[in-house]
Amino acid sequence: MKKNASGRMAGKALRKERRLSFFRKRADGTGTAEAVEESRETEKGTMSREREVYWIRCPRCGKTVNREKVVKRKYICYECGGYFRVRLQNRIRMVADPHTFEEWFPKMPPRNPLAYEGYEEKLEEAREKTGMEEAVTVGRCKVFGEDVVLGICDSRFLMASMGHNVGEKIAAALERAIENRLPVFLFCCSGGARMQEGIISLMQMAKTAAAVRRLGEAGLLYCTILTDPTMGGVTASFAMLGDVIMAEPGALIGFAGPRVIRQTIGQELPEGFQTAEFLVEHGIIDGIVKRKNLKKTIYFLVKAHQGKEGEYAAFAPDMEARFDLNEIVREHIWKTRTENVWERVKAARRIERPSAGDYMEHIFDHFVEAHGDRRFGDDPAITGGIGFLDGQPVTVIAEQKGKDLRECQRRNYGMPRPEGYRKALRLMKQAEKFHRPIISFINTSGAFCGIEAEERGQGEAIARNLQEMSALKVPVLCIFIGEGGSGGALATAVGNEVWMLENATYSILSPEGFASILWKDSSRAREASEIMRITAQDLKQLEVIERIIPEFGGADETTVQAIGEYLKVQIRDFLERCRGLSGQELADQRYERFRKY
């Protein structure tokens, strides 16, 4: 930036001197018409060169924008918000603490396995142009003081295509990360395979995928950040194997390029096809991260994945959960009468009833949502992600119904599809890998009943969750906050302990369904609710649940904070009780809990 400023000052001084020279010539009679015209042309050329240096064209909107302003915005267009591609050194400055990046494997001998004519010259030309030895640079750095392995692909080097040395650097970096017990963050960018290396380029896909597998088996975090463009063999190998996969806004991401797809199928592609936003919607990546949040996000992920077996209550020493009822809540309790079973059913179904998100605001210091099942879609009926409870990282799974008609439709009224259950299981398995406790909030009338749900394997998805949850080697706490309907609710409720809010319900199916099946008369739902034993009080007697959570007169906007703060204290106590237990002990405890029924 200082260089730019000094350049502008020098340019202004040069133009001023030329204007003074021109007027001097006119004053002493030496300024001929030709000289005047020459002076004007020279000044025009100077201004044109200045425009080339300090003005650049946005690749998204096509407008000419001020380079200095774009740089200040982390290479983001101030006209349209489009992202410019970022060079290696600029990316390092964005995420690494100053002067901490230490490059690994800087030089590797060039490979030309096909003896392809002119390939060595092309590599040398790319080195001279970029100042880089290869398309990827790997090394170690600090992010807010935390040590990480950082890898960065730069599209200026042969479009960051993957040849032998690219695959070798990535595999070697992952192996050294295992040796040093460090998390890995890799900024991916590529046009695909390096054609000049033929089949050896293809082999890098398997090599890097195998190295990622070994990193995972060592219990270490691997995160990828997909930048524009990430295509071909890179997408189909190390880029899509992250424990967490993020992308920059608008990045083009895919296996086959859009031109190839268009030619193959003979159809125009939908708007936004293969963008980062498209992949979030279709459940392929966890989310989109803006450049201003990159460094904080990396730090958050490092801290959220540092768990150890048996350490489930690592609360910050200066944070202590407290619970006190204010006068408004006390009055609310006094005015509310005890409800009968049918009234509890209606209370559990109320659209105004607080959602999991409402309670989470009072339980967790911070929560970051993760998206998608990595297969088909991102089901809004189930929210999942990582939260911090007084400094202790936990994985949160929450069924959400919606607070108004539009949100209810978007979330399918809290009825999960197969991709919702698979997303929940993906996040729970990730929690197990990194020794994070799991907190599950249940509020659903049941799994979605529809053609597409059956086509995508609704029964298999629920069965798989039941099987895998029973064996998770971390603490699992399940809390019913509203309705709990059938196997759709049980699919995220296989816990070491199960709690219910006092007006929540949990049943084999709805009272209407019960009456319809057994009595052929759904209008007898109220009568059915009385004999089904579906309330928290009934289930506590049946030992189906361990604890009833008070609602202090009924769950609503008046009591949501009190219920949330009460839950926070109780969850802390639960995690304290799990402290020191091995993963196998927790899994055995959960098995015996359900074995007794």
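Look above for the structure.
How each quantity is defined
Residues numbered from 1 in each chain as written. Predicted model: local features only at pLDDT ≥ 70, side-chain atom pairs only at ≥ 80, totals over all residues. Heavy atoms only, no water. Helix = DSSP H or I, 4+ residues; strand = E, 2+ residues; numbered from the N terminus. Buried < 20%, exposed > 50% of the residue type's maximum accessible area, 1.4 Å probe, protein only. Contact = heavy atoms within 4.5 Å. Areas by Shrake-Rupley, 256 points an atom, 1.4 Å probe, with all protein chains shown as cover. Polar contact = N/O pair within 3.5 Å; in protein donor to acceptor, adjacent residues only side chain to side chain. Pairing = 2+ DSSP bridges. Axes fitted to C-alpha atoms, helices over the stretch in contact; angles between N-to-C directions. Parallel < 35°, antiparallel > 145°, perpendicular 65-115°, else oblique. Left-handed = near helix turned anticlockwise from the far one by under 90°. Core = buried A, V, L, I, M, F, W, Y, C linked by side-chain atoms within 4.5 Å. Nonpolar A, V, L, I, M, F, W, Y, C, P; charged D, E, K, R; others polar. Patch = residues over 30% accessible without salt bridge, like charges linked within 9 Å, V, L, I, M, F, W, Y side chains within 5 Å. Salt bridge = Lys/Arg side-chain N within 4 Å of Asp/Glu carboxyl O. Lys, Arg positive; Asp, Glu negative; His and termini not counted. Charge placed at Lys NZ, Arg CZ, Asp CG, Glu CD.

Enquirer: What is the right way to read the overall build of the chain from this model?
Expert: What the chain contains, in helices and strands, is 24 helices and 16 strands. For the chain, the spread of C-alpha atoms along the three principal axes comes to 110 × 60 × 55 Å. Across the 597 residues of the chain, 50% fall into the buried class. Here the contacts in the chain between residues at least 6 apart in sequence split such that 73% fall between residues at least 24 apart. Of the accessible surface of the chain, which amounts to about 29,100 Å², a share of 52% is contributed by carbon and sulfur atoms.

Enquirer: Help me understand the environment of Ser486 in this model?
Expert: Structurally, Ser486 is set in helix α19 (residues 486-490). By relative accessible area, Ser486 is classed as partly exposed at 34%. Excluding residues that lie within four positions of it along the chain, Ser486 makes contacts with Ser507 and Ile508. At 3.1 Å, the side chain of Ser486 forms a polar contact with the backbone oxygen of Ile508.

Enquirer: Can you help me understand the sheet that holds strand β9 (residues 287-288) in this one?
Expert: Strand-to-strand pairing in sheets goes through backbone hydrogen bonds, with the strands running parallel or antiparallel. With respect to topology, 7 strands assemble into an open sheet ordered β3-β4-β5-β6-β7-β8-β9, the strand pairing being mixed. Here the strands that pair on one side only, and so sit at the sheet edges, are β3 (102-104) and β9. Bridging between strand β6 (residues 184-190) and strand β7 (residues 222-230) involves 6 bridges; their strand directions are parallel. From the neighbouring strand, Cys188 faces β7, where its bridge partner is Leu226. With respect to the sheet, helix α4 (residues 88-95) is in contact with β4 (136-143), β5 (146-153), β6 and β7, its orientation differing from that of β5 by roughly 155°. Packing against the sheet, helix α6 (residues 164-180) makes contact with β3, β4, β5, β6 and β7, and its axis sits at approximately 30° to β4.

Enquirer: Where do I start with the sheet that holds strand β16 (residues 547-549) in this structure?
Expert: The sheet built from 7 strands is open, its strands ordered β10-β11-β12-β13-β14-β15-β16 with mixed pairing. A single partner strand is all that each edge strand has here, and the edge strands are β10 (366-370) and β16. Each strand axis lies, on average, 25° off the axis of its neighbour in the sheet, ignoring direction. When strand β15 (residues 497-501) meets β16, the two strands line up parallel, connected through 3 bridges. Note on β16: the bridge partner recorded for Leu501 is Ile549. Its contacts with the sheet place helix α16 (residues 418-433) against β10, β11 (382-389), β12 (392-399) and β13 (438-444), and it is angled at close to 25° to β11.

Enquirer: Quick question: what am I supposed to make of unusual backbone geometry here?
Expert: Trans peptide bonds make up most of the peptide bonds, and negative phi angles are found at most residues other than glycine. That bond from Asp228 to Pro229 is cis: its omega, -15°, falls within 30 degrees of zero. Topologically, Pro229 is positioned in strand β7. You will see that Tyr413, though not glycine, has its phi angle at about 55°, which is positive. Mapped onto the secondary structure, Tyr413 falls in the loop between α15 (405-410) and α16.

Enquirer: I'm lost on the packing of helix α14 (residues 356-363) against helix α23 (residues 560-578) in this one. Help?
Expert: Two packed helices can be described by the angle between their axes and the distance between those axes. Contact geometry of α14 with α23 gives a least axis separation of 8 Å together with a crossing angle of 60°. Taken together, the axes of α14 and α23 are oblique relative to one another. Like other packed secondary-structure pairs, α14 and α23 cross with a definite hand, here right-handed. Residues Asp358, Tyr359, His362 and Ile363 of α14 touch α23, and the partners they reach there are Val560, Gln561, Ile563, Gly564, Glu565, Leu567, Lys568 and Ile571.

Enquirer: Looking at this model, I keep getting lost on the nonpolar core. Mind explaining?
Expert: Side chains that are nonpolar tend, in soluble globular proteins, to be buried together. The biggest cluster of nonpolar side chains holds 78 residues, and the ones touching the most others in it are Leu174, Phe185, Phe187, Tyr222, Leu226, Phe238 and Leu301. In contact with Phe238, other than residues within four places in its own chain, are Met162, Ile170, Leu186, Cys188, Thr208, Val212, Tyr222 and Thr224. If you look at the next biggest cluster of nonpolar residues, it comprises 62 residues, including Tyr359, Val396, Ile439 and Phe480.

Enquirer: Before we go on, may I ask you to explain the packing of α4 against helix α11 (residues 294-304) in this structure?
Expert: At a minimum axis distance of 7 Å, the contact between α4 and α11 shows a crossing angle of 60°. Between α4 and α11, the interaxial angle falls into the category oblique. Across from Arg91, Met94 and Val95 in α4, the residues of α11 making contact are Leu294, Lys295 and Ile298. Split by residue class, the contact of α4 with α11 holds 4 nonpolar, no polar and 2 charged.

Enquirer: Any chance you could explain a negative patch on the surface here in plain terms?
Expert: On the surface, Glu309, Glu585, Asp588 and Glu592 cluster together to form a negatively charged patch. Position of Glu585 relative to the elements: it lies in helix α24 (residues 583-595). Residue Glu585 is classed as partly exposed on the basis of its relative accessible area of 41%.

Enquirer: What should I look at first to understand the pairing of β11 in this one?
Expert: The side chains of a regular strand alternate, first on one face of the sheet and then on the other. Along β11, 8 of the 8 residues are buried, which leaves the element largely enclosed by surrounding structure. With burial as the criterion, each face of β11 is covered, one bearing Ile382, Gly384, Ile386 and Phe388 and the other bearing Thr383, Gly385, Gly387 and Leu389. Pairing geometry for β11 and β12, over 8 bridges, is antiparallel. In the strand pairing of β12, Gly387 is matched with Val394.

Enquirer: Just checking my understanding: could you explain helix α20 (residues 511-519) for this structure?
Expert: Note that an α-helix has 3.6 residues per turn; residues three or four places apart therefore point the same way. Within α20, burial applies to Pro511, Gly513, Phe514 and Ala515. Once α20 ends, the next one or two residues include Lys520, with phi positive near 60°.

Enquirer: Quick question: what am I supposed to make of the pattern of salt bridges here?
Expert: It is possible for side chains bearing opposite charge to pair when their charged atoms get close. If you walk through the whole model with that rule in mind, you get 39 salt bridges. Between Arg422 and Glu460 there is a salt bridge whose closest N-O contact spans 2.9 Å. A residue pair is termed long-range when its members are at least 10 positions apart, and Arg422 in helix α16 and Glu460 in helix α18 (residues 458-470) qualify at 38 residues. On the basis of relative accessible area, Glu460 is assigned to the partly exposed category, the value being 36%.

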